[in-house]
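# Residue-level structural notes
For reference, the chains in residue letters:
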2 protein chains.
Amino acid sequence: MLDVAGTAHPRRRRADAERSIASIVSAAVEIFSRRPDASMTEIAAAAGVGRVTLYAHFPSREVLLEAAVEQAVAHASAALHAADIDDGSAVRALGRLVRSGWSSIERYQGLLAAGGELSPARLRARHAGVLTRIERLIARGQAAGEFRTDVPREWLVTVCYSLFHAAAQEVREGRLDAATATEVLEATLVVALTSRPGPADPR
Amino acid sequence: MLDVAGTAHPRRRRADAERSIASIVSAAVEIFSRRPDASMTEIAAAAGVGRVTLYAHFPSREVLLEAAVEQAVAHASAALHAADIDDGSAVRALGRLVRSGWSSIERYQGLLAAGGELSPARLRARHAGVLTRIERLIARGQAAGEFRTDVPREWLVTVCYSLFHAAAQEVREGRLDAATATEVLEATLVVALTSRPGPADPR
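Residues numbered from 1 in each chain as written. Chains lettered and ligands numbered in written order. Predicted model: local features only at pLDDT ≥ 70, side-chain atom pairs only at ≥ 80, totals over all residues. Heavy atoms only, no water.

Of the transformation superimposing chain B on chain A, the axial component is 0.0 Å and the angular component is 180°, with the fit at an RMSD of 0.0 Å. One copy is carried onto the other by what is essentially a two-fold rotation axis. Across chain B, the smallest distance between a C-alpha and the rotation axis is recorded for B:Ala192, namely 2.6 Å. In this assembly the copies share their binding face: 100% of the residues contributing to the interface of chain B also contribute to that of chain A. (Least-squares fit on C-alpha atoms with pLDDT ≥ 70 in both. Contact = heavy atoms within 4.5 Å.)

Put simply, an interface is often sized by how much accessible area is lost when its parts join up. Facing 39 residues of chain B, the contacting portion of chain A comprises 39 residues. When chain B packs against chain A, the two sides together hide about 3300 Å² of surface, and 68% of this comes from carbon and sulfur. The tally of links from chain B across to chain A stands at two salt bridges. Along the contact surface separating chain B from chain A lie 10 residue pairs in polar contact (both at pLDDT 80 or more). (Buried area = accessible area lost by both parts, 1.4 Å probe. Salt bridge = Lys/Arg side-chain N within 4 Å of Asp/Glu carboxyl O. Polar contact = N/O pair within 3.5 Å; in protein donor to acceptor, adjacent residues only side chain to side chain.)

Quick look at the packing of helix α8 (residues 128-143) of chain B against helix α9 (residues 153-172) of chain B now. To characterise two packed helices, one gives the angle between the axes of the helices and the distance between these axes. Residue and element names in this part refer to chain B. Here α8 crosses α9 at 125°, and the two axes come no closer than 9 Å. It follows that α8 is oblique to α9 by the angle criterion. Handedness of the crossing formed by α8 with α9: right-handed. For the pair formed by α8 and α9, the contact residues are Leu-131, Ile-134, Glu-135, Ile-138, Ala-139 and Gln-142 on the first element and Arg-153, Leu-156, Val-157, Cys-160 and Tyr-161 on the second. (Axes fitted to C-alpha atoms, helices over the stretch in contact; angles between N-to-C directions. Helix = DSSP H or I, 4+ residues; strand = E, 2+ residues; numbered from the N terminus. Parallel < 35°, antiparallel > 145°, perpendicular 65-115°, else oblique. Left-handed = near helix turned anticlockwise from the far one by under 90°.)

This part covers the environment of A:Val130. Residues and elements named next belong to chain A. By the secondary structure assignment, Val-130 is in helix α8 (residues 128-143). For Val-130, a relative accessible area of 10% puts it in the buried group. Considered as a pair, Val-130 and Ser-119 are 11 residues apart in the sequence and their alpha carbons are 18 Å apart. Once residues within four sequence positions are removed from consideration, Val-130 is found in contact with Val-73, Ala-76, Ser-77 and Leu-80. (Buried < 20%, exposed > 50% of the residue type's maximum accessible area, 1.4 Å probe, protein only.)

As a further point, take the confidence of the model for chain A. For chain A, the average pLDDT comes to 91, and 94% of its residues sit at 70 or higher. The complex model carries a pTM of 0.89, and its ipTM stands at 0.87. (pLDDT = per-residue confidence, 0-100.)

The next thing to look at is the environment of A:Tyr55. Its location among the elements puts A:Tyr55 in helix α3 (residues 51-57). Taking the relative accessible area as the measure of exposure, A:Tyr55 reaches 33% and is therefore partly exposed.

For the structure shown, the criterion picks out 30 salt bridges over all chains. Here B:Arg61 makes a salt bridge to B:Glu117, at a shortest N to O gap of 2.7 Å. Residue B:Arg61 is found in helix α4 (residues 61-83), and its partner B:Glu117 is found in the loop between α6 (109-115) and α7 (120-125); the two are separated by 56 residues along the sequence. According to the relative accessible area criterion, B:Arg61 is partly exposed, its value standing at 23%. Between B:Glu70 and B:Arg126 there is a salt bridge whose closest N-O contact spans 3.3 Å. A residue pair is termed long-range when its members are at least 10 positions apart, and B:Glu70 in helix α4 and B:Arg126 in the loop between α7 and α8 qualify at 56 residues. Residue B:Glu70 is classed as partly exposed on the basis of its relative accessible area of 41%. Its relative accessible area of 23% is what places B:Arg126 among the partly exposed residues. In this structure, a network of salt bridges that share partners links the residues A:Glu62, A:Glu66, A:Glu70, A:Arg122 and A:Arg126.

In structure tokens, the structure reads:
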């Protein structure tokens, strides 16, 4: 539908723009996951849009990377929902969180590597969707007496976030075996979240 | 001393270059620590060299940042030497490592923030000087039966490195109180390094 000036109707223009944005972000997630150093041009081609359209929506590689990370985090959050971490023993739920979270990390390893171009603060901000779920699990575990309460809850969220991403980096750089990463992560997070320095420790 | 072509003697030129490099790196450590977004021009001015000299030695901000981080890590490593972490109880030495390491982190907070511009792999590579010391302490604690041996030693080094830097980021972004950061770090690292998931854990 054209208006009197011969341009597309605003509502249609908006719908077109939304479709372009969705295609670009999906292409960015897929392409960065396979090749972290993919160029903007490659992503425009994969999304079936021109460079002008790409840059109209995503003025820099950084902005596009942030949108791609946010979409991957949304997928990871949906996977966590399916992993059912909101009920039963918090320690066992932590095990399910590690397995679900690690399978998301493996799927998006390349994107995470590309995400290293973002500042740590921006990268973390785009993870809000999963950080909220982790915080809810920790609050539940603390209320049930399963998780420690001697350090701030927000810090325990950070311990999970940091060690997940540290393990991903270790695997990328060949210092940790991908096959044992979930066991190592779970063995580390369980004690980091449940134990506290005991009176027996010679401090 | 001039040679027949009227240019400075190679040995003198080399000594001049080394002095310039040392001034630039020291200025970069100091200026970035105060203002993470400082420009190359500001650093050239603080070092008392021209922009041409600066770029001759450090062709990009990234290369200069890496040199600055490496120098700060060398200071942190010297501080660890003074903290005497190579003898006595490994758990108590871990406490000294946390206090010494944290005081280095506080001193170089701004530089660490600027270091976020480097890829995680390059940032970690510049930390080799302290990672070696941490690994030595962990090996000692494992040999003495104080530290866990159920996860790879290299992973425990990564846990220390990651949580130190995560705590620094938390403080920078106002999510963790700087005054309690050493206690929180020590309380987390002691259990992460000494405990292992017990048979009592309902897994």
